[in-house]
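Chain and residue survey
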There are 2 protein chains.
Amino acid sequence: VKKFETIKQILGEDLQKSPSHSIGNAFAPSNIALCKYWGKRDQELNLPVTSSLSVSLGSKGATTFLEIIQDNHDQIILNDVVLQSDSPFSRRLVTFLNLFRSNPQLKFKISLHSNIPIAAGLASSAAGFASVIKALDQLMGWQLAPQHLSILARLGSGSASRSLWQGFVEWHAGSRDDGMDSVGESLTETWQDMCIGLLIVSAKEKILSSRVAMQRTVTTSSLYSAWPTKVAQDLATLKIAIAEKNFSLLGQTAESNALTMHATMLSAWPPIFYSSPETISAVQKIWSLRAQGLEVYFTQDAGPNLKLIFLQKDAQAVQMNFPELEILQPFSN
Amino acid sequence: VKKFETIKQILGEDLQKSPSHSIGNAFAPSNIALCKYWGKRDQELNLPVTSSLSVSLGSKGATTFLEIIQDNHDQIILNDVVLQSDSPFSRRLVTFLNLFRSNPQLKFKISLHSNIPIAAGLASSAAGFASVIKALDQLMGWQLAPQHLSILARLGSGSASRSLWQGFVEWHAGSRDDGMDSVGESLTETWQDMCIGLLIVSAKEKILSSRVAMQRTVTTSSLYSAWPTKVAQDLATLKIAIAEKNFSLLGQTAESNALTMHATMLSAWPPIFYSSPETISAVQKIWSLRAQGLEVYFTQDAGPNLKLIFLQKDAQAVQMNFPELEILQPFSN
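Residues numbered from 1 in each chain as written. Chains lettered and ligands numbered in written order. Predicted model: local features only at pLDDT ≥ 70, side-chain atom pairs only at ≥ 80, totals over all residues. Heavy atoms only, no water.

1. Some points on the overall build of chain A
Filter applied, for reference: Each helix is a run of DSSP H or I of at least 4 residues and each strand a run of E of at least 2, with the numbering of both proceeding from the N terminus. Our radius of gyration is a C-alpha quantity, and the globule rule it is checked against amounts to 2.2 Å times the number of residues to the power 0.38. Accessibility here uses a 1.4 Å probe with only protein chains present; expressed as a share of the type maximum, an area under 20% marks a residue as buried, one over 50% as exposed, and anything in between as partly exposed. In what follows, a contact means two residues having at least one pair of non-hydrogen atoms within 4.5 Å. Areas reported here follow the Shrake-Rupley algorithm with a probe of radius 1.4 Å; residue values treat only the protein chains shown as occluding. Residues scored as charged are limited to Lys and Arg (positive) and Asp and Glu (negative), so that His and the chain ends carry no count. For this purpose, a charge sits on NZ of Lys, CZ of Arg, CG of Asp or CD of Glu.
The helix and strand tally for chain A stands at nine helices and 13 strands. For a compact globule of 333 residues, the expected C-alpha radius of gyration is about 20 Å, and chain A comes in at 20 Å, within 12% of that figure. Relative to its 333 residues, chain A shows a buried fraction of 59%. Residue pairs in contact within chain A that sit at least 24 positions apart in sequence constitute 74% of those at least 6 positions apart. Counting only carbon and sulfur atoms, one obtains 52% of the accessible surface of chain A, whose full area is about 13000 Å². The averaged location of the 28 negative side-chain charges in chain A is 4 Å from the averaged location of its 28 positive side-chain charges.

Next up, the structure:
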């Protein structure tokens, strides 16, 4: 919290003032990292060991309705269900909101709607915290730039720092202790015919939060020491692939980056393995399709589900092989 | 082959002389590495990047009957089936035998019997090449020490250097270019109540030879740089665990070592993943049993099958959970 006071000072006195509105409401997209964020250099400020790069998911994400209430505690509603105040998500959100109350009596009703499965490794917390900070910006009348909202969203969930923009977003690791240079940046390049396919293998809540998994990996995995170098290479390669519209290069790099992240977890103790047997079947199917010439790649986050990456020209073939796939086009409205 | 001439000179003129018998016959056990051999510093001499440590499997392994024949090519019989001379295994074995012919006209009938599934990641080639070199030692009348046979067996298959002994065997990486210090050593310690359970998930031939997989990992995996340090730590820990009969420490270290080896492969390109969905189900079952207090660990080589590690007191409980398990007691005859 002491570190947060520094952030407040740097962002100006704006964060101290009383709310200018009684409601706020905002949407933020989910984002899928093509180069992953895995490992923190600061637990409190969610400062990452490495930079990362994502693509946002257009209309897939979270919407937050925020309202000031006359009550002695916050009220949190997730997809129309009132959460217990001692649930893990409630605690996390209340702790986040505590950072921004102009006085301790200021309480909120927070209603979050997510149109993607919660906590199934589909980056729902990123969209959640990004939409909360945007709604808070409205309600409080801060009128902060997206870069500054990115810094604040990061305090709730690291990857939320990338959900302030659509399209390709790079989250710069930064090097400052206060994290003021650990911020998202929207890339100008787009990729009209890129498709992301959501393959829900299981919509169950994941066994281990990415927060805990990440920390255990950093602490116990003997392979983690090689991760920062891998990220630096993949990040540079992905930018080349995006600039040159070299889809094979993008797909290979994203898939290899995800597999390497999961590899660092396999080497942790106790070992962490998010894939279910169904995940493995799907992965083998993807590899077999690729061997047959269909250019489809995947990435995977802290859960059993896969995100397939392919071009629009192959969308029909991919859909035929994965009938249950939900296909998104991040760059076309 | 030039490097092999050096080895011949060091071992003495014995290797040049004509056969003293017309037949030879020998058994060598399979071995399961608790600390894996993964990566070569010399392709021709099968010199490893790191040392490794295994336990031999008693009566599970390979028997070779070797006989001089009057023919213009070798005849190779594997489990009573005559192999084509252009099959991969025939080529590999003939190339190996070429190193030892006192004249090019010397041809052999080689009949190999393996009592474990061939090429399913159950170290059948290790037992195979170790039994061939022992049979050759008889037939040729070399009367070499096991250490020297270990060096020669390594030229056929790296892990064969560990199959010259029963019990715990350490294969020292060595540092010499000619590999004369890259040799197996039998550890004096035993562990009477240790059990190894063979869980055959699939007896199909593996998709990718460990030879190719290893080389691809060394060349393309960004995590491989962290592997030698992991091995050095695990090797030291395993020796402590064996000396102190600390089974939890042995099990954890062996399992973590295997997972880390597979992790380096996940990070290769194209990615290498030997586990099938059935392997993953079994792994999850093992983790779940362990969470319930049953001390069972696993190791896995270049195939989908698992080797379970547990103590005799838990053998019945493990067998009940894996009815198809074949339980071996490496230290009791």
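Having put the structure on the table, let's press on.
2. Describing helix α3 (residues 124-140) of chain B
Because an α-helix completes one turn every 3.6 residues, residues spaced three or four positions apart along the sequence face the same direction. Residues and elements named next belong to chain B. Where we set the bar: What a helix should span is 1.5 Å times the count of its residues minus one.
Compared with an ideal rise of 1.5 Å per residue, which puts 17 residues at 24 Å, α3 spans 24 Å between its outermost C-alpha atoms and is within 8% of the ideal. Within α3, 14 of the 17 residues are buried, which leaves the element mostly enclosed by the surrounding structure. Positive phi appears at glycine 141, one or two residues downstream of α3, with a value of about 70°.

3. Thoughts on the sheet that holds strand β10 (residues 194-199) of chain A
All names here are of chain A. Our working rule: DSSP-based pairing: two strands are paired if at least 2 bridges between them are found. Orientation is described by lines fitted to C-alpha atoms, with helices fitted over the stretch in contact, and by angles between N-to-C directions that extend from 0 to 180 degrees.
A sheet is described by the order of its strands in space; here four strands give the open sequence β11-β12-β10-β13, paired in antiparallel fashion. Every other strand in the sheet has two partners, leaving β11 (297-300) and β13 (326-328) as the edge strands with one partner each. Within this sheet the neighbouring strands show an average axis-to-axis angle of 30°, counted without direction. In the sheet, β10 pairs with β13 via three bridges, with the strands oriented antiparallel. If you follow isoleucine 196 over to β13, its bridge partner there is leucine 328. Against the sheet, helix α7 (residues 247-266) contacts β10, β11 and β12 (306-311), and its axis sits at roughly 35° relative to β11.

4. Quick word on the confidence of the model for chain A
The cut-off we apply is this: pLDDT is a per-residue confidence score from the predictor, ranging from 0 to 100.
Averaged over every residue, the pLDDT of chain A is 93; residues scoring 70 or more account for 95%. As a predicted assembly, this complex carries a pTM of 0.94 together with an ipTM value of 0.92.

5. Observations concerning the packing of α7(A) against helix α7 (residues 247-266) of chain B
Threshold: Angle categories: roughly parallel below 35 degrees, roughly antiparallel above 145, roughly perpendicular from 65 to 115, and oblique for all the rest. Gly counts as polar in this scheme, as do all residues outside two lists: the nonpolar Ala, Val, Leu, Ile, Met, Phe, Trp, Tyr, Cys and Pro, and the charged Asp, Glu, Lys and Arg.
One can describe the packing of α7(A) onto α7(B) by two numbers: an axis separation of 8 Å at closest approach and a directional angle of 175°. When the axis of α7(A) is compared with that of α7(B), the two are roughly antiparallel. Taking contact as the criterion, the partners of Leu259(A), Ala263(A) and Leu266(A) in α7(A) are, on α7(B), Leu259(B), Ala263(B) and Leu266(B). Residue composition of the contact of α7(A) with α7(B), grouped by class: six nonpolar, no polar and no charged.

6. Considering the interface of chain A and chain B
Filter applied, for reference: Two parts placed together each lose some accessible area; with a 1.4 Å probe, that loss summed over both constitutes the buried area. Whenever a carboxyl oxygen of Asp or Glu lies within 4 Å of a side-chain nitrogen of Lys or Arg, that contact is scored as a salt bridge. Each polar contact in these results corresponds to two N or O atoms within 3.5 Å; when the atoms are within protein, one needs to be able to donate a hydrogen and the other to accept it, and residues that are neighboring in sequence are counted only if both atoms are side-chain atoms.
In this complex, chain A contributes 27 residues to the contact, which on the side of chain B involves 26 residues. Summing both sides of the interface, chain A and chain B together bury roughly 2300 Å²; the carbon and sulfur share of this comes to 73%. The largest per-residue losses of area from chain A upon contact with chain B belong to Leu223(A), Leu266(A) and Trp269(A), which jointly make up 26% of the total buried on that side. At the boundary of chain A with chain B, the tally comes to zero salt bridges. Linking chain A to chain B there are six residue pairs in polar contact (both at pLDDT 80 or more). Those elements that provide at least two residues to the side of chain A that touches chain B are α6 (227-244), α7 and α8 (277-291) of chain A.

7. Points about the pairing of strand β10 (residues 194-199) of chain B
All names here are of chain B. Among the six residues of β10, six are classified as buried, and the element is accordingly described as predominantly covered. Burial along β10 is two-sided: Met194, Ile196 and Leu198 facing one way and Cys195, Gly197 and Leu199 facing the other are all buried. One ladder, built from six bridges, connects β10 with strand β12 (residues 306-311); its direction is antiparallel. Looking across to β12, one finds that methionine 194 is bridged to leucine 311.

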